[in-house]
Amino acid sequence: MVTTPPASTGALGSTDAAFKRHRRYTLFMLTLVFMFSHIDRSIVGILAEPIKAEFALSDTQLGVLTGFAFALVYATLGIPLALLADRSNRRNIITAAITVWSAMTALSGFATNYTQLVLARIGVGVGEAGSTPQSHSMISDLYPQHERARALSIFSLGVTLGVTFGFLAGGVVSSLWGWRAAFFVVGLPGLVLAVIFRLTVREPERGLADGAAAGESRPQVPSLQALREAARFMWQSGACRHVTIGLTLTAIAGYGGLMWIAPFLERSFAVPRAELGAILGPVAGLIGAVGTIMGGYLADRLGRKDLRWKGWIVGLAKFVAAPLAICGYLQADLMTALLFYLPATFFGAFYHGPGLAIIQSVAPPSIRATVSAILIFIISLIGLGFGPLAVGMLSDFLTPMYGKESLRYALLTMALLNIWAGAHYLLAGTAFAREMKDNVTH
């Protein structure tokens, strides 16, 4: 069984109290970084309609801009940067990442054509590739297995809070000063965050929360061996394999919905852009945040008695969320649609912490960042890369039949993937309990 961190924590402090204070602060800062990354990542979704109008784009071109252009570089660079993170200072890599993606987001506001904007979004992907796997690894070194789902759920609040602020800022700023100004407003503060992060966050010892001695699990020679080891481990571990499939399916539906929900509301319900942030922000932020925390809390609480609940709670939540989302897309009245969309968002957010906790708990500390990078490569390239693109292509295909309502039916179709994802989370829970029991036995 894993143990809680010892009182002596080396660079993190000489007392248990000092360690706990700093690990809470580190978790807060990593969550803030994750929030900023999702502000910069998601804001293009609420700006899609004015960008489409200015550059005369198709929905397929918007799908490339909102997903594929970012995801291809983000996913590909994540693996070499994670290999570096498993052997060097993760804090410094994250600092550099914040600086790059924030600068490229601000530069997006200077784009005068579609190609320039796509290149700027690729630049954002270059920066963000150096953040999430490193954060997962640091958190897992600070929180033991029985607290990890809640810690990673708190970290995952960065998604919902980032989307909230992205929608709010994008809706208000673009309606007042245009879509270019929105990129300036959300990009420049990240440069300040990079400085604060570098000066106040310290690098944790690897394997600390699992009872490893300082430096015990750290590889001595950088090589591609860790990549091969991580890939082999993810395939052989049933828990990892099913979580990866579940997360990928969730990402296809989730990113597709996230990047297209604002255009859908504008087209089908004639919601003014200035009001989109006020509608979508609280839904994605408040409801999504509560769902994220609840998923992590229930996974840890129920998992103390039966580890299978780490995955089961997400699977069951998916089975509830999918039909609610589908019903929401079928409504002709905005308020009625929101009545379905709110609980769908709540249950749909359960997956954030538990799935990551399963993978980070079964993975050896020495390859955690690399395992996380491979996971992000898969879900980003397929989910973020093809989710928004698939919705755009399907919307263009359905336009001759449904006109402006084609986007409604494209989003509805993608929501069905959550049922498939739910089945894999149930299988992941069973596999996780078995593998953790085997680890204790050996």
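This text goes with the structure placed above it.
Residues numbered from 1 in each chain as written. Predicted model: local features only at pLDDT ≥ 70, side-chain atom pairs only at ≥ 80, totals over all residues. Heavy atoms only, no water.

Asker: Please explain the overall build of the protein as it appears in this structure.
Answerer: Secondary structure summary: the protein contains 18 helices and 0 strands in total. Against the compact-globule benchmark of 22 Å for 442 residues, the protein has a radius of gyration of 21 Å, which places it among compact chains. With the C-alpha coordinates aligned to their principal axes, the bounding extent of the protein is approximately 60 × 40 × 35 Å. Here the protein holds 442 residues, and the buried ones make up 61% of them. Partitioning the intrachain contacts of the protein with sequence separation of at least 6 by distance along the chain shows that 84% fall at a separation of at least 24. With the model as given, the accessible surface of the protein reaches about 16,400 Å², and the carbon-plus-sulfur share is 70%. Between the centroid of the 33 positive side chains of the protein and the centroid of its 23 negative side chains there is a distance of 5 Å. (Helix = DSSP H or I, 4+ residues; strand = E, 2+ residues; numbered from the N terminus. Rg over C-alpha atoms; globule rule 2.2 N^0.38 Å. Buried < 20%, exposed > 50% of the residue type's maximum accessible area, 1.4 Å probe, protein only. Contact = heavy atoms within 4.5 Å. Areas by Shrake-Rupley, 256 points an atom, 1.4 Å probe, with all protein chains shown as cover. Lys, Arg positive; Asp, Glu negative; His and termini not counted. Charge placed at Lys NZ, Arg CZ, Asp CG, Glu CD.)

Asker: Help me understand the nonpolar core, please; the structure alone is not making it clear to me.
Answerer: Ranked by internal contacts, the top residues of the largest apolar core, which has 127 residues, are I51 and L265. No other element matches helix α11 (residues 238–269), which puts 17 residues into this core. Leaving out residues up to four positions away in the same chain, L265 has contacts with A270, V271, L276, I279, L280 and L334. (Core = buried A, V, L, I, M, F, W, Y, C linked by side-chain atoms within 4.5 Å.)

Asker: Looking at this model, I keep getting lost on the pattern of salt bridges. Mind explaining?
Answerer: Where charged atoms from two side chains of opposite charge come close, those side chains can pair. Evaluated as defined, the whole model comprises 13 salt bridges. R41 serves as the salt-bridge partner of E128, at 2.8 Å between the closest nitrogen and oxygen. Of the two residues, E128 is situated in helix α5 (residues 114–128) and R41 in helix α1 (residues 16–46); the sequence distance between them amounts to 87 residues. R41 carries the same exposure label as E128, and that label is buried. (Salt bridge = Lys/Arg side-chain N within 4 Å of Asp/Glu carboxyl O.)

Asker: Looking at this model, I keep getting lost on the environment of S237. Mind explaining?
Answerer: Its location among the elements puts S237 in the loop between α10 (225–236) and α11. The exposure class of S237 is buried, given its relative accessible area of 4%. When the C-alpha atoms of S237 and R21 are compared, they prove to be 34 Å apart, with 216 residues separating the residues in sequence. Setting aside residues up to four positions removed in sequence, S237 forms contacts with V362 and E435.

Asker: It is not clear to me how a nonpolar patch on the surface should be interpreted in this structure. Could you clarify?
Answerer: Together, L316, F319, L416 and I419 make up a nonpolar patch on the protein surface, roughly 330 Å² of accessible area in all. Residue placement: L316 occurs in helix α13 (residues 309–329). (Patch = residues over 30% accessible without salt bridge, like charges linked within 9 Å, V, L, I, M, F, W, Y side chains within 5 Å.)

Asker: What's the story with the packing of aromatic side chains in this structure? I'm lost.
Answerer: The geometry of an aromatic ring pair is captured by the separation of the ring centres together with the interplanar angle, meaning the angle of the planes. Enumeration according to the criterion identifies 11 aromatic pairs in this entry. When the ring of F34 is compared with that of F155, the centres are 4.3 Å apart and the planes differ by 10°; the resulting orientation is stacked. Taken as a pair, F34 in helix α1 and F155 in helix α7 (residues 145–177) lie far apart in primary sequence, 121 residues in all. Given a relative accessible area of 8%, F34 falls into the buried group. We classify F155 as buried; its relative accessible area is 1%. A network of ring pairs unites the aromatic residues F55, W179 and F183 as a single cluster. A cation sits over an aromatic face here: R41 above Y74, 4.8 Å from the ring centre. When the ring centre of W235 is taken as reference, the NZ or CZ atom of R241 above it lies at 5.4 Å. (Phe/Tyr/Trp six-rings, centres within 6.5 Å; stacked < 30°, edge-to-face > 60°. Lys NZ or Arg CZ within 6 Å of the ring centre and 35° of its normal.)

Asker: Looking at this structure, how should I read unusual backbone geometry?
Answerer: Among all residues except glycine, the phi angle is most often negative; among peptide bonds, the trans geometry is most common. A positive phi angle, close to 55°, is found at A56, a residue other than glycine. Within the secondary structure, A56 is located in the loop between α2 (48–55) and α3 (59–85). At A270, a residue that is not glycine, the phi angle is positive and equals roughly 55°. Topologically, A270 is positioned in the loop between α11 and α12 (273–303). Looking at A270, the relative accessible area reads 60%, which means it is exposed.

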